Amino acid sequence: MNDVIHLLPDHVANQIAAGEVVQRPASVIKELLENAIDARAKNIQVFIKEAGKILIKIVDDGVGMSVTDARLSFERHATSKITSAEDLFRLNTKGFRGEALASIAAIAHVELRTKRETDEIGTCIKIEGSHVVSQEPCSMTTGTSISVKNLFYNIPARRNFLKSDTVETRHIIDEFQRVALAHPNIAFSLVHNVGELFQLPASNYRQRITNILGGKTNEKLVPVNEETEILTISGFVGKPQFAKRTRGEQFFFVNDRFIKSPYLNHAVTQAFEGLLKDNAYPSYFLYLKVDPKSIDINIHPTKTEIKFDDEHALYAIMRSAIKHSLGQFNVSPVLDFDRDPTLDTPYDYQNKQASTPKVEVDRNFNPFRSDARGERSFQPPFKKDPGSWDSLYTGLQGEDTEVSADVRQIEFESEEVTGNLFGASKGGEAQNSTFQLNKKFIISTLKNGMLVIDQHRAHTRILYEELLKSITVSAAVSQQLLFPLSIQFSQNEIAQLKGIKDALEQTGFIFAEISSDSVEITGIPTSVSESEVVMLLEQLLADFENEVPGNNFSQTDLLAKSLAKSMAVKSGNLLNSTEQQHIVNGLFACKEPTLTPSNKPVFITLPIEELEKKFM
Ligand code: ADP
Ligand code: MG
C-alpha cells in the first residue's frame, strides 16, 4: 500500500491557522494594531468599511520594513520578535507567533505598503489568498500601511457566519478600546465608513480612559497604586455609586496587554464588598506589571487569558490595594458601624429628597365604566395618573431599612382590602374582588375557584404588549420634561443607542441630542418616572449587550421585553385595590395573558374541587 501522509500546501495550512487567529474583522484589527505597536508607532489610524467586512486599513508611523522583511512577514512562523523558545519568557512585544500576517493573507485581499526611515523608497506587496500578486517599489512616508479587503472572500461559510454590521462594529470598538486603553502614549483614531468614532490624542491613563468613556468619567475614578516585589498595580476603579449594570467597563491589563481573569475580577469584587447594590458591577481599569518570567501568555491563541505563577498572592495584593484606595478616597466606610447611608442609595436617588411613601388613588376612576360599555380595553392607572404610580414605586424603595408611619398605614389599608373581599363575597359580588398576598401575588376569585397572579409578571406582560404596539403600530404619547435630562454614556453605548433610537422614540422617549458621549432627553414615556430613566436605559443596553439581536424583529422584541421588565411593578410593591384590578383587567385584555414575554407562567388557577379535596 502507498504511504498516505503528505504535507499540506502552505496556503491550506495558512487557511487552517487563520481559523484560530481570525474569527472576525475585530481579530484582524487586534493583530494589526499590535503589530503597529510592536513597530513603535506613535500614531495609528484605523479605517473600516462596513464593519470591516469590506475594508480594514491600518496606517502607522512605526519603523517599517525592508524589502526582504516585507516579503517574509507573510510567511508562517516568520517573526522578528523571538529567536528561541527562551525568548518566550522575556517577551516585551505583543506578537511572537509570526502567524498573524500569514493567516490574514490566506483569507483576504491584502495590500502592504511599508518603508523604513533609512530607505528612500518603500515596498508595496499585494497578496490574495496566500498568493503574491505583485511586489513593487512605491513612494511613501516612513511606516506601514496594511489594507485587508473582503475578509473570508474564499471561505463563504466563515463570511456568512459574520454577524450584523452593528455587532461586528461593536467587536471592533471593543478591541480598539482595549488596545487604546493599554497605550495612552500612542495617538489612535478609528473611522467607520465616513464617520469618525474615536480621535484619541497621546495622553496619560486618566485622560485616555476619559476620552474613551465620556466626559464625566474623570470624576468617577479613584486611583489605585501599589508596588510590591512581585506586582505593581496602577490604574483606577470607579466609585461604587457609579457601578454599572453591565460588565462593560472592566479592564485588566498585564504588561500592557488586555487580559480576562475571572479570578482577579473576583478579587476586585471582594474589595467592593458591601458597597455595591445587587446586580451592579464596579468599573475598573487596572494596569498590572509583573515579571514576564512569572506569566504564561501562551495558553490561548487569541491571548486574552493568562496564567500567573502566584495567583493567590496577586489576588490578595489586588484586593487589599483596592480596599485601601476606596478607604483612602473616602468612598468606603472606615468602620462598618460608621457607615454612610448614602452609599446604599442607588445613584439616581442620591440627590433626591426622600419622599414620603404614599398611595394615591385616581378618584375619578371607575373600574366598571369600560365594562359597562362592553369594551374591555385596558387603561392602566399609571397612564392617567403617573404621579400616583411613581410615588408608590419610589417610596417603597427603602422599605426594608425603615418602616415609616405611612407605610404602616398602607399595610393597614391593605388589610382593609382583604376585609372588603370578605364582605363582598358574602354579598355574592366577588367577581371583581382582589387582594394582595405577600406583596407579590394578586388573588382574585373566579366563579369556580381562585386565581393567583404574579403581579410583576402580569404587569410585564401588559406593558410588553403595549410597547410592542407603540413601537410597531402607533407611537405612544410622551410626557415632556421640564428640564432636559442629560445622561452620560460610553461611546460604545451611544453607538448602540443610536441603533435603537427610532424604536425608543416610538415608546415615548424624545432625544433632543445624541452627542459622542451623552444624550439629552426631553420627553419620556408617561408610565416612566424621571428617576428611573437612567436605570431603565442602562438595563436596556445591558440586555442588548448580552443578547446580540440579529434582525429587526428580535430587536423590537428585545426592546419591548427589556423595557417592560424594568417598568413593571416589582414584587414587594404594595398595590391598592384599584391598582390590583387594573392589572387583572389589563392582563386579560392581553393577547397572551398566560405567559410572560420570556415564557414564564403569569398566573395559576385553583379550582374549587382542588380546594375541596384539601379539606377531605
Ligand atoms: P508576529 O507579530 O507574531 O511577529 P506577524 O505575522 O503579526 O507576527 O508579523 C510578522 C512580522 O512582520 C513581525 O514580526 C514584524 O517584524 C513584521 N511586521 C508586521 N507588521 C508590521 C508593522 N506594522 N510595522 C513593522 N513591521 C511589521
Ligand atoms: Mg503580530
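Details of the structure are given in the entry above.
The following refers to the structure shown. Here the residue numbers are simple positions, counted from 1 along each chain's written sequence. Chains and ligands are labelled by the order in which they are written, letters from A for the one and numbers from 1 for the other. Side-chain atom pairs in this predicted model are given and counted only at pLDDT of 80 or more, local residue features only at pLDDT of at least 70, and totals for whole chains, interfaces and linings cover all residues. Side-chain figures throughout are based on the complete set of non-hydrogen atoms in the structure, without hydrogens or water.

Digging into the site of ligand 1
Near ligand 1 there are 18 residues, and of these N35, T79, S80, K81 and G98 occur at the shortest range. The separation between an oxygen atom of ligand 1 and a polar main-chain atom of G98 is 2.7 Å. Compared with its free state, where it exposes 530 Å², ligand 1 has 92% of that area covered by protein. For the shell around ligand 1, the per-class residue count stands at six nonpolar, eight polar and four charged. Throughout this document, a residue counts as near a molecule or strand when at least one of its heavy atoms sits within 4 Å of that molecule or strand. Pairing of N or O atoms within 3.5 Å defines a polar contact, subject to two protein rules: one partner must be a possible hydrogen donor and the other a possible acceptor, and residues neighboring in sequence count only if both atoms are side-chain atoms. Accessible surface is estimated by sampling points in the Shrake-Rupley manner with a 1.4 Å probe; for residues, cover comes only from the protein chains shown. Just so you know the grouping, Ala, Val, Leu, Ile, Met, Phe, Trp, Tyr, Cys and Pro go in nonpolar, Asp, Glu, Lys and Arg go in charged, and all remaining residues, Gly too, go in polar.

Describing the pattern of salt bridges
Think of a salt bridge as a Lys or Arg side-chain nitrogen and an Asp or Glu carboxyl oxygen that are within 4 Å of each other. If you walk through the whole model with that rule in mind, you get 17 salt bridges. Between D256 and K289 there is a salt bridge, and its shortest N-O distance comes to 3.0 Å. Highlighted residues: D256 in the loop between β11 (250-254) and β12 (257-259) and K289 in strand β13 (residues 284-289), separated in sequence by 33 residues. Of the charged contacts, one joins D454 and K440 as a salt bridge, the two residues approaching to 3.6 Å between their closest N and O atoms. Linking D454 in strand β18 (residues 449-454) with K440 in the loop between β16 (434-437) and β17 (441-446), this pair joins segments that are 14 residues apart in sequence. For every residue, the accessible area (1.4 Å probe, protein chains only) is compared with the maximum for its type, and the residue is labelled buried under 20%, exposed over 50%, or partly exposed between those bounds. With relative accessibility at 10%, the residue D454 sits in the buried group. The exposure class of K440 is partly exposed, given its relative accessible area of 29%. Helix numbers and strand numbers start at the N terminus; a helix is a DSSP run of H or I with at least 4 residues, a strand a run of E with at least 2.

Examining the sheet that holds β18
Here four strands make up an open sheet; going across it, the order is β16-β17-β18-β22 and the pairing antiparallel. Across the chains shown, the open sheet's two edge strands, defined by having one partner strand only, are β16 and β22 (603-607). On average, each strand axis in the sheet is inclined to that of its neighbour by 25°, with strand direction left out of account. In this scheme, strands are said to pair when DSSP sees at least two bridges between them. Both β16 and β17 contribute to a ladder of four bridges, which runs antiparallel. Bridge pairing in β17 links Q436 to I442. Residue contacts are defined here by distance: any two heavy atoms, one from each residue, within 4.5 Å place the two residues in contact. Angles here are taken between N-to-C directions and fall from 0 to 180 degrees, while the axes themselves are lines fitted to C-alpha atoms, restricted in helices to the stretch in contact. Packing of helix α15 (residues 455-472) onto the sheet brings it into contact with β16, β17 and β18, and relative to β18 it is tilted by some 75°.

What about unusual backbone geometry?
Positioned with a positive phi, R40 is a non-glycine residue whose angle comes to about 60°. Along the chain, R40 falls in the loop between α2 (25-38) and β1 (43-49).

Quick word on the sheet that holds strand β7 (residues 187-192)
Within the open sheet, the eight strands sit side by side as β5-β4-β3-β6-β2-β1-β7-β8. Their pairing is mixed. The open sheet terminates on both sides in strands that have one partner only, identified here as β5 (131-138) and β8 (195-200). Between one strand axis and the next, the sheet turns through 10° on average, direction left out of account. Across the sheet, helix α6 (residues 165-182) lies against β1, β7 and β8, angled at about 175° from β7, the strand it touches most.

Thoughts on the packing of α15 against helix α19 (residues 577-588)
Packing of α15 against α19 brings their axes to within 9 Å, and their N-to-C directions diverge by 50°. When the axes of α15 and α19 are compared, the pair comes out oblique. Where α15 crosses over α19, the handedness of that crossing is left-handed. Along its contact with α15, which presents Q455, A458, H459, R461 and I462, the element α19 presents I583, G586 and L587. Residues that form the contact of α15 with α19 fall into these classes: four nonpolar, three polar and one charged. Any angle that falls under 35 degrees is termed roughly parallel, while one over 145 is termed roughly antiparallel, one within 65 to 115 roughly perpendicular, and all others oblique. Working rule for handedness: look at the near helix, and if it is turned counterclockwise from the far one by less than a right angle, call the crossing left-handed; if clockwise, right-handed.

Side note on the nonpolar core
The criterion is simple. A nonpolar core is a set of buried Ala, Val, Leu, Ile, Met, Phe, Trp, Tyr and Cys residues joined through side-chain atoms within 4.5 Å. Counting 57 residues, the largest nonpolar core has L32, L33, I44, V148, F188 and F285 as its most contacted members. Counting contributing residues per domain, this core is built from domain 1 (10-200) and domain 2 (212-328), each supplying no fewer than three. With residues up to four places along the chain from it excluded, the contact list for I44 reads L33, A36, I37, I58, V59, D60, I186, A187, F188 and S189. Membership of the second largest hydrophobic core comes to 33 residues, among which are L481, I487, L540 and A568. Where each domain begins and ends follows an automated or database-derived domain assignment.

Concerning helix α10 (residues 311-328)
In an α-helix, one turn spans 3.6 residues, which is why side chains three or four residues apart end up on the same side. In this scheme, a helix's expected span is set at 1.5 Å multiplied by one less than its residue total. Here α10 spans 26 Å end to end across 18 residues, near enough to the 26 Å set by a 1.5 Å rise per residue. Those residues of α10 not exposed but buried are L314, Y315, I317, M318, A321, I322, S325 and L326. Those residues of α10 hidden inside the fold are in contact with β9 (221-227), β10 (232-238), β11, α9 (262-271), β13 and β15 (307-308).

A look at α6
Here α6 spans 26 Å end to end across 18 residues, near enough to the 26 Å set by a 1.5 Å rise per residue. With respect to burial, α6 is a largely interior element, 14 of its 18 residues being buried.

Concerning the packing of α6 against helix α7 (residues 205-213)
Contact geometry for α6 and α7: axes closest at 9 Å, N-to-C directions at 160°. With respect to their mutual orientation, α6 and α7 come out roughly antiparallel. When the axes of α6 and α7 are compared, the crossing they make is right-handed. Taken together, the residues of α7 that come into contact with α6 (itself represented by Q177, A180, L181 and A182) are Y205, R208, I209 and I212.

By themselves, these are just geometric observations and shouldn't be taken as functional.
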